[in-house]
Amino acid sequence: MHAPLPTLLLAARALAGDGSVRLDRRLAAMGTGLTLSGEASGRPTAVLASEAAVRAIQACEARLSTWRDDSEVAELNRRAGEPVRLSADTLTVLEKSIWAGKLSDGAFDVTYASMGQLWKFGDAAEAIPKPPSAAQAKPAIANIHFRQIQIDRDNSQARTGHN
């Protein structure tokens with residue numbers, strides 16, 4: 001599993017001391033803008049640390065983004081009801097998402113995507129948002145439930161329980 005981003009940034013900050021260099025980078029990922037800030041003992045170290053952080057973000061986006069058609073999660077959503085081969089990292093995220101859904105009694109639900117199209121989050125946001133009608137929402141709501149996710153670690157697969 002890749003080192004989580006906070007670990008990478010903290011590692012960059014741990015190198016900071018007298019004469020440290022701060023480096024800020026901006027990038028877009030998963031439908032939003034990001035700013036990475038880090039400090040290091042010199043510019044080459046700061047650049048290396050920031051490049052590692054960017055690679056970690058890009059790897060997460062390749063697995064988890066619903067803003068890319070080629071991500072693992074996009075494939076899982078597209079093939080709803082079918083088993084889909086996923087990386088160990090993505091399976092771990094799904095397991096943690098199911099855990100969070102149970103812990104929050106469903107307040108956190110990773111299977112919200114069918115509603116996301118109706119509410120138009122992120123770049124697709126409307127200038128004056130309008131809630132979906134009950135007729136629009138009903139079929140989408142039927143597809144939301146984290147307990148419908150089935151994980152098969154032995155075969156590195158997962159599937160959502162709806163078609």
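What counts, and at which threshold
- Residues numbered from 1 in each chain as written.
- Predicted model: local features only at pLDDT ≥ 70, side-chain atom pairs only at ≥ 80, totals over all residues.
- Heavy atoms only, no water.
- Core = buried A, V, L, I, M, F, W, Y, C linked by side-chain atoms within 4.5 Å.
- Buried < 20%, exposed > 50% of the residue type's maximum accessible area, 1.4 Å probe, protein only.
- Helix = DSSP H or I, 4+ residues; strand = E, 2+ residues; numbered from the N terminus.
- Contact = heavy atoms within 4.5 Å.
- Pairing = 2+ DSSP bridges.
- Axes fitted to C-alpha atoms, helices over the stretch in contact; angles between N-to-C directions.
- Salt bridge = Lys/Arg side-chain N within 4 Å of Asp/Glu carboxyl O.
- Expected span 1.5 Å × (residues − 1).
- Lys, Arg positive; Asp, Glu negative; His and termini not counted.
- Polar contact = N/O pair within 3.5 Å; in protein donor to acceptor, adjacent residues only side chain to side chain.
- pLDDT = per-residue confidence, 0-100.

Enquirer: Let's hear about the nonpolar core: which residues, and what values?
Expert: Listed in full, the nine residues of the largest apolar core are L76, V84, L86, L91, L94, I98, F146, I149 and A158. It is helix α4 (residues 88–103) that contributes the most residues to this core, three residues altogether. Look past the residues within four positions of L94 in its chain and what remains in contact with it is L76, L86, I149, I151 and A158. Judged by nonpolar contacts, the second largest core, of six residues, contains A29, A53, V54 and I57.

Enquirer: Hey, could you go over the sheet that holds strand β5 (residues 157–159) for me, with residue numbers and the actual values?
Expert: The antiparallel open sheet is built from three strands, whose spatial order is β3-β5-β4. Of all strands in the sheet, those bounded by a partner on one side alone are β3 (84–85) and β4 (150–152). Sheet topology places β3 next to β5; two bridges connect them, and they run antiparallel. Each residue of the ladder has a partner; that of V84, found in β5, is A158. Strand contacts of α4: β4 and β5, with the helix running at about 140 degrees to β4, the strand carrying the most contacts.

Enquirer: Please give an account of the pattern of salt bridges that cites residues and values.
Expert: Side chains that carry opposite charge are capable of pairing whenever their charged atoms lie near each other. Under the defined criterion, the tally for this structure stands at eight salt bridges. With a closest N to O distance of 3.3 Å, D24 and R22 form a salt bridge. Between E75 and R78 there is a salt bridge, and its shortest N-O distance comes to 2.7 Å. On the criterion of helical spacing, the pair formed by E75 and R78 is a turn pair, its members being three residues apart in helix α3 (residues 72–78). Salt bridges here are not isolated pairs; linked through shared partners, they connect E75, R78, R79 and E82.

Enquirer: Explain helix α2 (residues 43–64) residue by residue, including any values.
Expert: A rise of 1.5 Å per residue sets the reference length of α2, with its 22 residues, at 32 Å; its end C-alpha atoms lie 31 Å apart and thus fit the reference within 8%. Listing the buried residues of α2 in full gives A46, A49, S50, A53, V54, A56, I57, E61, R63 and L64.

Enquirer: I'd like to hear about the side chain of D109, residue by residue, with values.
Expert: Examined against the element boundaries, D109 turns out to sit in the loop between α4 and α5 (113–119). This buried residue, D109, is left without a salt bridge; R147 holds the nearest opposite charge, at 7.5 Å. Of note is the side chain of D109, whose polar atom sits 2.5 Å from the side chain of T111. Beyond its immediate sequence surroundings of up to four residues, D109 is in contact with I144, H145 and F146.

Enquirer: How would you summarise the confidence of the model for the chain if you had to cite specific residues and measurements?
Expert: The predicted model of the chain has a mean per-residue pLDDT of 83, with 83% of residues at 70 or higher. Per-element confidence in the chain ranges from a low mean pLDDT of 45 for helix α1 (residues 5–14) to a high of 98 for β3. This model gives residues 1–17 a pLDDT under 50, and the stretch forms 26 contacts once residues within four places in sequence are excluded.

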